[in-house]
Amino acid sequence: MCSVRHLVHSRWLCYLNKSLPVSSQARLFSTSRICRTVMPAWVIDKYGSNDVLRFTKNASFPIIDFPNEVIVKVFAAGLNPLDVSMRGGYGAATLSMKRDPVNIKRSGSEFPLILGRDVSGVIMECGLNVKYFRERDEVWAAIPPWKQGSLAEFVVLSANEVSHKPKSLSHTQAAALPYVATTAWSALVNTGGLSKDNCANKRILILGGSGGVGTFAIQMLKAWGAHVTVTCSQNAERFVKVLGADHVVDYTAGPVEEPLSALEKFDLILDNVGGDTERWALNLLKPWSGAKYVTLVTPFLQNTDRLGIADGMMQSAATMATKALKHLVKGVHYRWGFFAPSGPALDEIREMVDAGQIQAVVDETFSFSQVPQAFEKVEKGHARGKTVVQISKGGDDL
């Protein structure tokens, strides 16, 4: 139904545009040059393992439903561990509520679901209220997990989630950054209170520094003048040092808390590992100095999946409050960090990329036909950078 509506709407706008005087046609309406109802995409029709991935040429073409939205032709899509988790149903309860807040749709209405949180491509159509972007602008974005993803030929996004792509990066390189960059930015800047103006000489510890978020955080913090200590495996030590890490601790050599405890205490800890780390990591912070522990491994979505939205949120709030108070009396701050889509954050990150302060770390690139293999790669873990899927090879068809 939506596809038919888009087709009729686009043709009606095309007719009106042709009937207007030339002086009146300048962006009074915004329409695609080609009226389409379907597109190629990788979808899932149920949650499960890698065999639920299905390629189709008949996925619904995205529609601009709000005047601040844009349609992006996808050139490259980045994969994250979150995509593997979402394929298995992680966060389904919370994300379904976000997609349908008043619970109008039936259960399972999110299917067929398109995964992929990173996108780099070209704007093909703009909503009427979009002023900052124009058709053919090269852009990149991190797609919120409640929206259809980038493993498709086209995707629709809010304009405030999109940013102009760094000129120094190819689309394949650019697709490696947005999700991890905005996640790290949210954790370090929004939650941790860091900025380029207050970061100089601060001591930062990144637990799990060789993954996507860690490799970006190292580079951003070093560009801001911080002293960065990283935990990783021995075979990743050289990799993170090349990115700028000042000190590296090998977690495979024994209990990692022992060598870390021998170091000077830290102003902020970014935890990408979770699990047992909370038991000892907060003791590494400087007490009574505003030091913060920010973890990206939280039980929020697991709680809502297991207990339902209301009970899950109550359980999460109780857990967070208990831990925050427990550590506040010791003089340190305990916080949960979350991904937050942000075009303005990507604008600042783009400037750092084009200034040579941050590089995209692509571990392996797959073709559009190799999406299942790309998921297998991400699922194995221990990557040195990001896995990227090349959707289109360029702009020859624009």
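Residues numbered from 1 in each chain as written. Predicted model: local features only at pLDDT ≥ 70, side-chain atom pairs only at ≥ 80, totals over all residues. Heavy atoms only, no water.

Caption draft 1: Layout of the pattern of salt bridges. Enumeration over the complete set of coordinates arrives at 16 salt bridges. With a shortest N-O distance of 2.8 Å, lysine 377 and aspartate 363 are connected by a salt bridge. With lysine 377 in helix H13 (residues 371-380) and aspartate 363 in strand E14 (residues 362-367), this pair connects stretches of sequence that are 14 residues apart. A residue is classified by how much of its surface remains accessible, and lysine 377, at 24% relative accessible area, is partly exposed. Given a relative accessible area of 27%, aspartate 363 falls into the partly exposed group. Connected via shared salt-bridge partners are Arg36, Lys73 and Glu153. (Salt bridge = Lys/Arg side-chain N within 4 Å of Asp/Glu carboxyl O. Helix = DSSP H or I, 4+ residues; strand = E, 2+ residues; numbered from the N terminus. Buried < 20%, exposed > 50% of the residue type's maximum accessible area, 1.4 Å probe, protein only.)

Caption draft 2: Summary view of the packing of aromatic side chains. Under the counting rule described, the total for this entry stands at ten aromatic pairs. Taking the centre distance of 4.9 Å and the plane angle of 65° together, the rings of tyrosine 47 and phenylalanine 111 count as edge-to-face. Of this pair, tyrosine 47 sits in the loop between strand E1 (38-44) and strand E2 (53-60) while phenylalanine 111 sits in the loop between helix H3 (92-99) and strand E4 (118-126), and the two are 64 residues apart along the sequence. Seen in terms of ring centroids, tyrosine 293 and tyrosine 334 are 5.5 Å apart; in terms of plane orientation they differ by 20°. Their pairing is stacked. In this pair, tyrosine 293 is assigned in strand E12 (residues 292-295) and tyrosine 334 in strand E13 (residues 333-336), connecting sequence segments 41 residues apart. Taken individually, tyrosine 293 and tyrosine 334 each receive the classification buried, so the pair is uniform in this respect. (Phe/Tyr/Trp six-rings, centres within 6.5 Å; stacked < 30°, edge-to-face > 60°.)

Caption draft 3: Layout of the sheet that holds strand E10 (residues 247-250). An order of E10-E9-E8-E11-E12-E13 is seen for the six strands of this open sheet, with the pairing classed as parallel. Edge positions in the open sheet fall to E10 and E13, since each of these has one partner strand only. The sheet shows a mean angle of 15° between the axes of neighbouring strands, taken without regard to direction. (Pairing = 2+ DSSP bridges. Axes fitted to C-alpha atoms, helices over the stretch in contact; angles between N-to-C directions.)

Caption draft 4: The side chain of threonine 295, seen in detail. Considering the arrangement of structural elements, one finds threonine 295 in strand E12. Among the polar contacts listed, one links the side chain of threonine 295 to the backbone nitrogen of valine 297, at a separation of 3.1 Å. In contact with threonine 295, other than residues within four places in its own chain, are Asp271, Glu278, Tyr334, Arg335, Trp336 and Gly337. (Polar contact = N/O pair within 3.5 Å; in protein donor to acceptor, adjacent residues only side chain to side chain. Contact = heavy atoms within 4.5 Å.)

Caption draft 5: Spotlight on the environment of aspartate 347. By secondary structure assignment, the location of aspartate 347 is in helix H12 (residues 343-354). On a C-alpha basis, the gap between aspartate 347 and lysine 165 in space is 8.5 Å, while along the polypeptide they are 182 residues apart. With sequence-adjacent residues up to four places away left out, aspartate 347 is seen in contact with Tyr132, Ser163 and His164.

Caption draft 6: Region of the structure containing unusual backbone geometry. Following phenylalanine 111, the chain continues to proline 112 via a peptide bond in cis, the omega torsion being -5°. The topology assignment puts proline 112 in the loop between H3 and E4. In this model, arginine 136 sits at a positive phi of 80°, which is unusual for a non-glycine residue. With respect to the element layout, arginine 136 can be found in the loop between E4 and strand E5 (138-142). Look at asparagine 201: it is not a glycine, yet its phi comes out positive at around 70°. Here asparagine 201 is to be found in the loop between helix H5 (178-191) and strand E8 (203-207). Judged by relative accessible area, asparagine 201 falls into the exposed class, the value being 68%.

Caption draft 7: Highlighting the pairing of E4. Of all nine residues in E4, eight are buried; the element is thus mostly enclosed. Inspection of the sheet shows strand E3 (residues 69-79) paired to E4 by eight bridges, in the antiparallel sense. Each residue of the ladder has a partner; that of lysine 73, found in E4, is valine 122. The pairing of E4 with E5 spans five bridges and is antiparallel. Each bridged residue has a counterpart across the sheet, and for aspartate 118 the counterpart in E5 is alanine 142.

Caption draft 8: Molecular detail of empty space enclosed by the protein. The full count for this structure, using the stated rule, is two cavities of 30 Å³ or more. In this structure, the largest cavity spans a volume of roughly 60 Å³. Lining of the largest cavity is provided by Ala176, Leu177, Val180, Gly212, Thr215, Phe216, Gln219, Gln359, Ala360, Val361, Gly385 and Lys386. Size it by volume and the second largest cavity reaches roughly 30 Å³. Forming the boundary of the second largest cavity are Tyr47, Met86, Gly89, Tyr90, Ala92, Leu95, Arg99 and Leu113. Among the elements that line the lining of the second largest cavity, the one with the most residues is H3, at three residues. Residue composition of the lining of the second largest cavity, grouped by class: six nonpolar, one polar and one charged. (1 Å grid on protein atoms, 1.4 Å probe; cavity = no way out; pocket = protein on both sides within 12 Å on 5 of 7 lines; lining within 4 Å. Points joined across faces, edges and corners; volume = space filled by probe spheres on them. Nonpolar A, V, L, I, M, F, W, Y, C, P; charged D, E, K, R; others polar.)

Caption draft 9: Molecular detail of H5. Between its first and last C-alpha, H5 extends 18 Å over 14 residues, near the 20 Å set by a 1.5 Å rise per residue. Along H5, the largest kink reaches about 25° and is centred on tryptophan 185. Among the 14 residues that make up H5, twelve are buried, leaving the element largely enclosed by the rest of the structure. Within the span of H5, buried status applies to Pro178, Tyr179, Val180, Ala181, Thr182, Thr183, Ala184, Trp185, Ser186, Ala187, Leu188 and Val189. At the exit of H5 stands glycine 193, carrying a positive phi of roughly 75°. (Expected span 1.5 Å × (residues − 1). Bend = angle between axes of the 7 residues up to and from the residue.)

Caption draft 10: Spatial organisation of the pairing of strand E11 (residues 268-271). Here E11 shows a buried face lined by Leu268 and Leu270 and a second buried face lined by Ile269 and Asp271. Here four bridges tie E11 to E12, and the two strands are oriented parallel to one another. Along E12, the bridge assignment pairs leucine 268 with lysine 292.

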